[in-house]
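Residue-level structure breakdown
Here's the letter readout for the chains.
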Amino acid sequence: MRWVTYRSADGTERPGLLQDGRVHGLDGTLLGLIESGLAAAAERATARPVEVVDLADVRLAAPIPRPPSVRDFLSFEEHLRNARRALGRDDVPPVWFEQPVFYFSNPAAILGPDDEVPISPGCEAFDYEVEVAAVVGRAGSDLTPAEAEQHIAGYTIFCDWSARDVQARESTVGLGPAKGKDGATSIGPVLVTPDELEPHRSGKGYRLAMRGSVNGRDIGGGSWADIHWSFGQMLAYASRGTELRPGDVIGSGTVGTGCLLELSGLHGSQRYPWLRPGDVVTVEVEQLGSLTGRIVGGPAVVPLS
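Keep in mind that what you see is a predicted model, and the values were worked out from it rather than measured. (Residues numbered from 1 in each chain as written. Predicted model: local features only at pLDDT ≥ 70, side-chain atom pairs only at ≥ 80, totals over all residues. Heavy atoms only, no water.)

**Observations concerning the domain arrangement of the chain**
- Here the domain parsing of the chain yields domain 1 (2-61) and domain 2 (70-296).
- Relative placement of domain 1 and domain 2: their C-alpha centres are 26 Å apart.
- At the junction of the two partners, domain 1 supplies 12 residues and domain 2 supplies 17 residues.
- Buried area between domain 1 and domain 2, summed over both chains or domains, comes out near 1,100 Å², and the portion from carbon and sulfur atoms is 57%. (Domains from an automatic or database assignment. Contact = heavy atoms within 4.5 Å. Buried area = accessible area lost by both parts, 1.4 Å probe.)

**What to know about the packing of helix α3 (residues 77-86) against helix α9 (residues 260-267)**
- Between α3 and α9, the least distance of the axes is 8 Å, while the angle of their chain directions is 60°. As summarised for this structure, α3 and α9 are arranged oblique, according to the angle between their axes. α3 and α9 meet at a crossing whose hand is left-handed. Residues Glu78, His79, Asn82, Ala83, Arg85 and Ala86 of α3 lie in contact with α9, whose contacting residues are Leu261, Glu262, Gly265 and Leu266.
- Broken down by class, the residue content of the contact of α3 with α9 amounts to 4 nonpolar, 3 polar and 3 charged. (Axes fitted to C-alpha atoms, helices over the stretch in contact; angles between N-to-C directions. Helix = DSSP H or I, 4+ residues; strand = E, 2+ residues; numbered from the N terminus. Parallel < 35°, antiparallel > 145°, perpendicular 65-115°, else oblique. Left-handed = near helix turned anticlockwise from the far one by under 90°. Nonpolar A, V, L, I, M, F, W, Y, C, P; charged D, E, K, R; others polar.)

**As for the UniProt feature "domain: Fumarylacetoacetase-like C-terminal" (unreviewed entry) in the chain**
- The feature "domain: Fumarylacetoacetase-like C-terminal" (unreviewed entry), as given by UniProt, occupies residues 70-296 in the numbering adopted here.
- Across residues 70-296, the secondary structure splits into 21% helix and 32% strand, with the terminal C-alpha atoms separated by 24 Å. (UniProt positions renumbered as here; feature names shortened; annotations may be inferred.)

**Some thoughts on the UniProt feature "domain: Rv2993c-like N-terminal" (unreviewed entry) in the chain**
- Mapped onto this numbering, the UniProt entry annotates "domain: Rv2993c-like N-terminal" (unreviewed entry) at residues 1-63.
- For residues 1-63, helix accounts for 27% and strand for 38%, while the C-alpha atoms at its two ends are 13 Å apart.

**Thoughts on the nonpolar core**
- One finds Tyr128, Trp161, Trp224 and Phe231 to be the most contacted residues of the largest nonpolar core, which totals 61 residues.
- A domain-level breakdown of this core finds at least three residues from each of domain 1 (2-61) and domain 2 (70-296).
- Residues within four places of Trp224 in sequence aside, it is in contact with Phe76, Val132, Tyr155, Leu197, Gly205, Tyr206, Leu208, Met210, Phe231, Val285 and Leu288.
- Trp3, Leu26, Val70 and Ala133 belong to the second-largest nonpolar core, a separate cluster that totals 21 residues. (Core = buried A, V, L, I, M, F, W, Y, C linked by side-chain atoms within 4.5 Å. Buried < 20%, exposed > 50% of the residue type's maximum accessible area, 1.4 Å probe, protein only.)

**Some thoughts on the pattern of salt bridges**
- Under the counting rule described, the total for this entry stands at 21 salt bridges.
- Notably, a salt bridge pairs Glu13 with Arg7, separated by 4.0 Å at the nearest N-O pair.
- With relative accessibility at 26%, the residue Glu13 sits in the partly exposed group.
- Under the relative-accessibility criterion, Arg7 is labelled partly exposed at 33%. (Salt bridge = Lys/Arg side-chain N within 4 Å of Asp/Glu carboxyl O.)

**A word on the packing of aromatic side chains**
- For the structure shown, the criterion picks out 10 aromatic pairs.
- Centre to centre, the rings of Trp96 and Phe97 are 5.1 Å apart; their planes meet at 85°, and the pair counts as edge-to-face.
- Owing to a relative accessible area of 35%, Phe97 belongs among the partly exposed residues under this scheme.
- Ring geometry for Phe102 versus Tyr237: centroids 6.3 Å apart, planes at 75°, classification edge-to-face. Of this pair, Phe102 sits in strand β7 (residues 102-104) while Tyr237 sits in helix α8 (residues 231-238), and the two are 135 residues apart along the sequence.
- Judged by its relative accessible area of 28%, Phe102 is partly exposed.
- The rings of Phe73, Phe102, Phe104 and Tyr237 are connected pair by pair, giving a single aromatic cluster.
- For Lys204, the ring lying beneath its charged end belongs to Trp229, and the centroid distance is 5.6 Å. (Phe/Tyr/Trp six-rings, centres within 6.5 Å; stacked < 30°, edge-to-face > 60°. Lys NZ or Arg CZ within 6 Å of the ring centre and 35° of its normal.)

What follows is the structure, given as structure tokens:
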């Protein structure tokens, strides 16, 4: 199944089942449908939809516009090595091979798949990141990886917009990232249930291409199959000693060469400059579609004293 959240002609935000280029809309929210069961919701959407509209005629929001929480992991080894090399470090911390690691992102900063993306205040090194995300479908605590796989409602594209200079400065304290990752995260365009991806399974991920482009120029990416930590492992770790809840969003971290930090470090900042207002970034993942963000100027820094 493929689900979307969209704004209908009267401005109402609805969940909808996507079939053959048409959206079968229902009342409520996609999070509510996940909690009550997507299979039953699909039957209602097919037999008794509130409306049926062409996908081309609606504006999509993030599938889960207001998630309870957002965790973003770092699960692709190539990205980690490239990023650390760009920062002048050639080592990989041994703990990364022992357990997955993540930070908490901002649920209030979720954008849809075609929304404008404001540059973070004070940022001169704005970046995109090519990622995928799992959306939690059932609550659970202290899960095993196998159990955690069964708690995934679906997958979607996840683009973590990063203020690299802000991130670098604040991280010297030993906390964060905080404001370096606080401004915007784009999610969408669809939530695809795991069964749709099963034919593409490979290793700990799926044999599906993940790419990023800026102003129409394809500039980097890799394969979901290259992931080091599976989503089952990530969710199991996230659930340790706490509770995952329906609608929680779990990001994979950036695929290798899926951001400007890596590419500028490998090939130079003149060839791969930071994002500026007017740039258009597209993130594409096979079977999940694509999302696009047009970069716009952000608010000025408000002085603290």
